[in-house]
Amino acid sequence: MDKTGQVLTIDLLMSLFIFILILTSVIIFIDSVASVSNPYSSYYVQAVLDSLNTQASAAADTLIGSAGLPSNWTSTGCSRIITLGVMYNSFSALPQKLYNLTTMPVGCISQLIRGGANFNISVYYLNNSRLRVNSVPITAGYPIPSNPTYLTSIQRFVVLYPGSLIIRLSYSEWIV
């Protein structure tokens, strides 16, 4: 028998080395691309944005989901407020409660809506002009930075009591 049809040990070792090298490269690539803990991964970005969207939606829904608890929270101290809400009924927001958001301490609002130090609440008419109550633009929280790493903005539409004017509550949350 001649040696042309035989597999040599060195050939097997070389092919095994190349196979392990390619397999390791593929595993490292997949791990780096699909890892939620890697900040350069698209899955990491998606997880962060999902978390921000969930927090922002919960905060916006808290504000427009009820009149607050107690319903006269505008005349009580921060420590006595259980839930912050701006609604008069299921469809209408009270201008006085919206105004009181601008006069409350930011730390109190942050605690009640679980917003942390990176949130902004602003209220607009449908033509994008700011809603003003008592000549004060309705905005609460912190100014949105010019270049946050991650930013989400949740919009909710309600009717301004009394009447039929529709306003837009914009709740933004970000990570710097």
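Notes on the structure in this doc start here.

1. Focus on the overall build of the protein chain
Thinking step 1. When its secondary structure is counted, the protein chain shows four helices and seven strands.
Thinking step 2. Along the chain direction, N to C, the helices and strands of the protein chain fall in the order α-α-β-α-α-β-β-β-β-β-β.
Thinking step 3. The C-alpha atoms of the protein chain give 28 Å as radius of gyration, which overshoots the globular expectation for 176 residues (16 Å, by more than 25%).
Thinking step 4. For the protein chain, the spread of C-alpha atoms along the three principal axes comes to 100 × 35 × 30 Å.
Thinking step 5. Scored against the burial criterion, the 176 residues of the protein chain give a buried share of 30%.
Thinking step 6. By sequence separation, contacts in the protein chain at least 24 residues apart represent 52% of the contacts at least 6 residues apart.
Thinking step 7. Roughly 10800 Å² of accessible area belongs to the protein chain as shown, and the carbon and sulfur atoms make up 62% of that amount.

2. Concerning a nonpolar patch on the surface
Thinking step 1. Taken together, Met14, Phe17, Ile18, Leu21, Ile22, Val26, Phe29, Ile30 and Val33 make up a surface patch of nonpolar side chains, about 880 Å² in accessible area.
Thinking step 2. Within the secondary structure layout, Val33 lies in helix α1 (residues 9–34).

3. Details of the sheet that holds strand β7 (residues 165–175)
Thinking step 1. Spatial strand order, β1-β6-β7-β2-β5: five strands in an open sheet with mixed pairing. The sheet is open, and its two edges are formed by β1 (92–93) and β5 (139–141), each paired on a single side.
Thinking step 2. Note: strand β2 (residues 119–125) against β5, three bridges, orientation antiparallel. Residue pairing in the sheet places Asn120 in a bridge with Gly141 of β5.

4. Section: the environment of Leu52
Thinking step 1. Residue placement: Leu52 occurs in helix α2 (residues 42–65).
Thinking step 2. Accessibility expressed as a relative area gives 4% for Leu52, which makes it buried.
Thinking step 3. Once the C-alpha coordinates of Leu52 and Leu84 are considered, the two residues, 32 residues apart in sequence, prove to be 20 Å apart.
Thinking step 4. Look past the residues within four positions of Leu52 in its chain and what remains in contact with it is Tyr150, Leu151, Thr152, Glu173, Trp174 and Ile175.

5. Some words on the packing of aromatic side chains
Thinking step 1. With the rule as written, the count across this model stands at three aromatic pairs.
Thinking step 2. A centroid spacing of 6.1 Å and a plane angle of 10° characterise the contact between Phe119 and Tyr171, whose relative ring orientation is stacked. Pair noted here: Phe119 is in strand β2 and Tyr171 is in strand β7, with a separation of 52 residues, a long-range link.
Thinking step 3. Overall, the relative accessible area of 0% leaves Phe119 in the buried class.
Thinking step 4. Residue classification places Tyr171 among the buried positions, given a relative accessible area of 0%.

6. Considering unusual backbone geometry
Thinking step 1. Residue Pro70 follows Leu69 across a cis peptide bond; omega there is 0°.
Thinking step 2. For Pro70, the location among the structural elements is in the loop between α2 and β1.
Thinking step 3. The omega torsion of the bond from Tyr161 to Pro162 falls at -15°, within 30 degrees of zero and hence cis.
Thinking step 4. With respect to the helices, strands and loops of the structure, Pro162 is situated in the loop between β6 (150–160) and β7.
Thinking step 5. For Asn134, which is not glycine, the phi torsion reads 55° and is therefore positive.
Thinking step 6. Summarising the element assignment, Asn134 is placed in the loop between β3 (132–133) and β4 (136–137).
Thinking step 7. Residue Ser135 is not a glycine yet carries a positive backbone phi of 65°.
Thinking step 8. Considering the arrangement of structural elements, one finds Ser135 in the loop between β3 and β4.
Thinking step 9. Exposure remark for Ser135: the relative accessible area of 66% places this residue in the exposed category.

Conventions and cut-offs
- Residues numbered from 1 in each chain as written.
- Predicted model: local features only at pLDDT ≥ 70, side-chain atom pairs only at ≥ 80, totals over all residues.
- Heavy atoms only, no water.
- Helix = DSSP H or I, 4+ residues; strand = E, 2+ residues; numbered from the N terminus.
- Rg over C-alpha atoms; globule rule 2.2 N^0.38 Å.
- Buried < 20%, exposed > 50% of the residue type's maximum accessible area, 1.4 Å probe, protein only.
- Contact = heavy atoms within 4.5 Å.
- Areas by Shrake-Rupley, 256 points an atom, 1.4 Å probe, with all protein chains shown as cover.
- Patch = residues over 30% accessible without salt bridge, like charges linked within 9 Å, V, L, I, M, F, W, Y side chains within 5 Å.
- Salt bridge = Lys/Arg side-chain N within 4 Å of Asp/Glu carboxyl O.
- Pairing = 2+ DSSP bridges.
- Phe/Tyr/Trp six-rings, centres within 6.5 Å; stacked < 30°, edge-to-face > 60°.

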